[in-house]
Structure formats: structure tokens, C-alpha cells
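# Geometric and topological summary
Read off the chains here:
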Amino acid sequence: MSFSSALKLTNLDDFITPSQACVLPVAVKKNDSKKAQISVSSEGYVETDLVTGEKSVLTEKATITLNDCLACSGCITSAESILITSQSAKEFYSNLNCGKVVVVSVSPQSRCSLAACFGLGNLQTQRKLTTMFQKLGVSYIFDTTFAREFALLESANEFVSRYRNTNVATPLPMLSSACPGWVCYAEKTHGEYILPHISTTKSPQQIMGTLVKKYFAQKLGVSSDKIYHVTVMPCYDKKLEASRKDFYDDILQTRDVDCVLATNEILDIIQENKIDFPNLEESVLCSMFEGDGEKSILGASLNGGSGGYLDFIFRYAAKELFGVEIKGD
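Residues numbered from 1 in each chain as written. Predicted model: local features only at pLDDT ≥ 70, side-chain atom pairs only at ≥ 80, totals over all residues. Heavy atoms only, no water.

## Considerations on the overall build of the chain
Heads up, the rule is: For helices the rule is a DSSP run of H or I covering at least 4 residues; for strands it is a run of E covering at least 2, with both sets numbered from the N terminus onward. Burial classes: relative accessible area under 20% of the type maximum marks a residue as buried, over 50% as exposed, and values in between as partly exposed (1.4 Å probe, protein chains only). In this description, contact between two residues means that some pair of their heavy atoms is separated by no more than 4.5 Å. Note on areas: Shrake-Rupley, 1.4 Å probe, and residue coverage restricted to the protein chains presented here.
Each helix and strand in the chain was counted, giving 13 helices and nine strands. Considering the chain as a whole, with its 329 residues, one finds that 40% of them fall into the buried category. For the chain, the share of sequence-separated contacts (at least 6 apart) that also reach a separation of at least 24 residues comes to 73%. Of the accessible surface of the chain, which amounts to about 18400 Å², a share of 55% is contributed by carbon and sulfur atoms.

## Observations regarding the nonpolar core
Our working definition: Nonpolar cores are built from buried Ala, Val, Leu, Ile, Met, Phe, Trp, Tyr and Cys residues. Side-chain atoms within 4.5 Å join them into one set.
Counting residues in hydrophobic clusters, the biggest one holds 24 residues, and the most contacted among them are Phe92, Val104, Met132, Phe133 and Ile266. Sort the elements by how many residues they give to this core and helix α6 (residues 122–136) lands first, with four residues. Dropping the residues within four chain positions of it, phenylalanine 92 is found in contact with Val104, Phe133, Leu136, Val138, Tyr228, Val230, Cys259, Leu261 and Ile269. Core analysis: the next-biggest nonpolar cluster, separate from the first, contains 19 residues, Ala147, Leu211, Val212 and Ala217 among them.

## A short note on the side chain of threonine 145
To be explicit about the condition: Here a polar contact is taken to be a pair of N or O atoms separated by no more than 3.5 Å, where protein atoms must pair a possible hydrogen donor with a possible acceptor and residues adjacent in sequence count only if both atoms sit in side chains.
In this structure, threonine 145 sits in helix α7 (residues 145–164). Judged by its relative accessible area of 2%, threonine 145 is buried. At 2.6 Å, the side chain of threonine 145 forms a polar contact with the side chain of aspartate 143.

## Quick notes on unusual backbone geometry
Of all residues except glycine, most have a negative phi; of all peptide bonds, most are trans. The peptide bond linking leucine 172 to proline 173 adopts the cis configuration, its omega dihedral lying at 0 degrees. You will see that glutamine 253, though not glycine, has its phi angle at about 55 degrees, which is positive. We note that lysine 274 has phi near 50 degrees; this positive angle belongs to a residue other than glycine. Take lysine 274: it is sitting in the loop between α11 (263–272) and α12 (294–298). Look at lysine 274 and you get exposed, because its relative accessible area is 78%.

## Notes on α7
Quick note on the threshold: By definition here, a helix of n residues has an expected span of 1.5 Å times n minus one.
With 20 residues, α7 should reach 28 Å at 1.5 Å per residue; the first-to-last C-alpha distance of 29 Å fits that figure. Inspection of α7 places Thr145, Ala147, Arg148, Ala151, Leu152, Ser155, Ala156, Glu158, Val160 and Arg162 among the buried residues, and these make up the whole buried set.

## Remarks on the sheet that holds strand β6 (residues 227–233)
Note the following rule: Only when DSSP finds a minimum of two bridges between them are two strands counted as paired. In this description, a line fitted to the C-alpha atoms serves as the axis of each element, helices being fitted only across the stretch in contact, and the angle between N-to-C directions of two axes falls anywhere from 0 to 180 degrees.
Pairing is parallel in the open sheet, where four strands are placed in the order β5-β4-β6-β9. The sheet is open, and its two edges are formed by β5 (140–143) and β9 (259–262), each paired on a single side. Averaged over all adjacent pairs, the angle separating strand axes in this sheet is 25 degrees, with direction ignored. With four bridges connecting them, β6 and β9 associate as parallel partners. Among the inter-strand pairings, threonine 231 is bridged to a residue of β9, identified as valine 260. Packed on one face of the sheet, α11 meets β6 and β9 and runs near 80 degrees to β9.

## Remarks on the packing of aromatic side chains
Test applied: Between 30 and 60 degrees the pair is tilted, below 30 it is stacked and above 60 it is edge-to-face, where a pair is any two Phe, Tyr or Trp rings, Trp via its six-membered ring, whose centres lie within 6.5 Å.
For the structure on display, the rule yields 12 aromatic pairs. Aromatic pair tyrosine 140 and phenylalanine 142: ring centres 6.2 Å apart, planes at 15 degrees, arrangement stacked. For tyrosine 140, a relative accessible area of 28% corresponds to the partly exposed category. Judged by its relative accessible area of 1%, phenylalanine 142 falls in the buried class. Aromatic pair tyrosine 163 and phenylalanine 322: ring centres 6.0 Å apart, planes at 85 degrees, arrangement edge-to-face. One end of the pair, tyrosine 163, is in helix α7; the other, phenylalanine 322, is in helix α13 (residues 308–322), with 159 residues separating them in the sequence. A relative accessible area of 40% places tyrosine 163 in the partly exposed class.

Right, dumping it as C-alpha cells:
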């Protein structure tokens, strides 16, 4: 079973087994005309006791989805692994021989972490990852740097457009972030007030998902549902982002990103398969576009860390709106 680093640090011994229920499994229907008291039976079921003297009834269990689980702040146990089976290494393995074209997209942040872990260079790491995934049965391994650059440019253009034509639908300030955890927090805590201020540009992960499932699928001559797309990301919340309904094709019944593996899950895969990663041969990189591949990795921008969007948009807007070029760090 694989847990996020946050759960690993807690050293809890209350891992929920598949036979147990989530700690928040009930949906209580409000009844303005009657008062009720919620209690837990000796069997562990939640019961609603009506004050009118009516017999106690078991409350209806609510469906807990992946989105609910990862976005919920009320769970006090380590139930994460049970509800994210569609976003795990096990699911990745099960789809390697399912008759689909398997594509893996690696984020620059994850690649840098793996490079630091094994004492390798960025380009070396991407080449060795290509070798490793190909040996596991993956057809194509891409770098997501292009999608990140695309997201930065689109965000900057959106800000300039808002600045020149600000209105109720596209107000200022514009809040831009590729962090799904922050977006979820904003949606849940501030709702409709904050939504118009959030940038409409997709994150690099989801832009890559669109490119793989639309552009690359067309290039291969297959439909989107015939591609199984996996991304390697630095954060578990990217699993939440990939599972959002916004990024699901109802017609073809497929997601832009089918599975998200965190960086530490790649380390688990390396260890489980007893792969001598530092000594793997280096393969030629896959390229989705002409000129993509090694050049994109070597020429990656510095706007991938915290504050990267702000820095890029500020410099872009200064030049585009006022003709001022800001140089230096």
C-alpha cells in the first residue's frame, strides 16, 4: 500500500482495511419540522433518533468518491490508499497489457527530484526513465516542459486581456496557480466570490493530458479512449486534479489523465522491480513535436517553482502593457 509523505510521517497504526467504513460515511437529510439526535450504535452504525418517539432508523450511506476523499479535511485515519486505487502503481501495472497505447508524461519537478536522489543530471535521468518505462511496457515517454511553458504563456495572455478589458466575468486581481490543493481550498472556502478571479488556464498536467488524448491520439490515428495516459507528478493532489469531472470526456468515457504517480511511487517501482537505475542505459527521448525532447529539457525556464507564475506574468505584462523589460532575477 502506498501513502503520501504526510501520512507516512504520522506513524499511525489505524490504517483502515477494506472491510471498514470511512469515518464520514453518512448523509443526513434535514427535516425542519422534527428534531433529531445522532448517535452511534454498539455495532458502529450511525443512527438517527427522532424526538417524536419514532423508531430509530439507520441513516443512508453517502457515496465517497476519490474527489471527496482527497479534498476532505475531516478524515482522522489513514484511509487514503483505499479510495485512490485508480491512481496507483498497481493500476498502472494492470494497464500495461490492456491493448491500449500507454503514454507516460514526466514533470520537470519529479525528474529533478529523481536526478538529485541518484546523483544524475536532468537529461541523464530523463533518458534512463525512458529506458525503464519502455522495459516495463510503456510505448511513449514525454517531458511536460512544453505544457508548462504553454500554461505560463496562456496565463500571461489571460492577465493582459483582463487588464485591458476587465469586467464582472473576468475581474482583477487574477489568481493563478497550478496547485490543485489551493484551487480546491478556494472553491470550498470562498465559492462563487473567488471563482471569477481564478485563471481559466489549465495546469501543465491537464494541458499535457489534452495534447496526448487529442493531438497525439490524432497523430497516431487512434481515438482518445485507446490511450492510457500516466503522469509523474511531485504532489499527491495532482491525483485529485486528474479525477475532476472537468477533465472527463463523457462521449468517449475517458479522462485526459488516467493515472497519476507521485515521485515517491516511481522510487517504489524502481525498488520493487530491483532496477539499478543509475546504471541503466540511456535511450533516445520520445518527441511529440519537432524540436521537442532534449532541447526542451536543457532549455527549460526557471518558472517552475513557487512564485513562478507570478514572476513570469509580471515580466510578460510589464513588457506587453508598458514596454518595460525587466531583467535579472
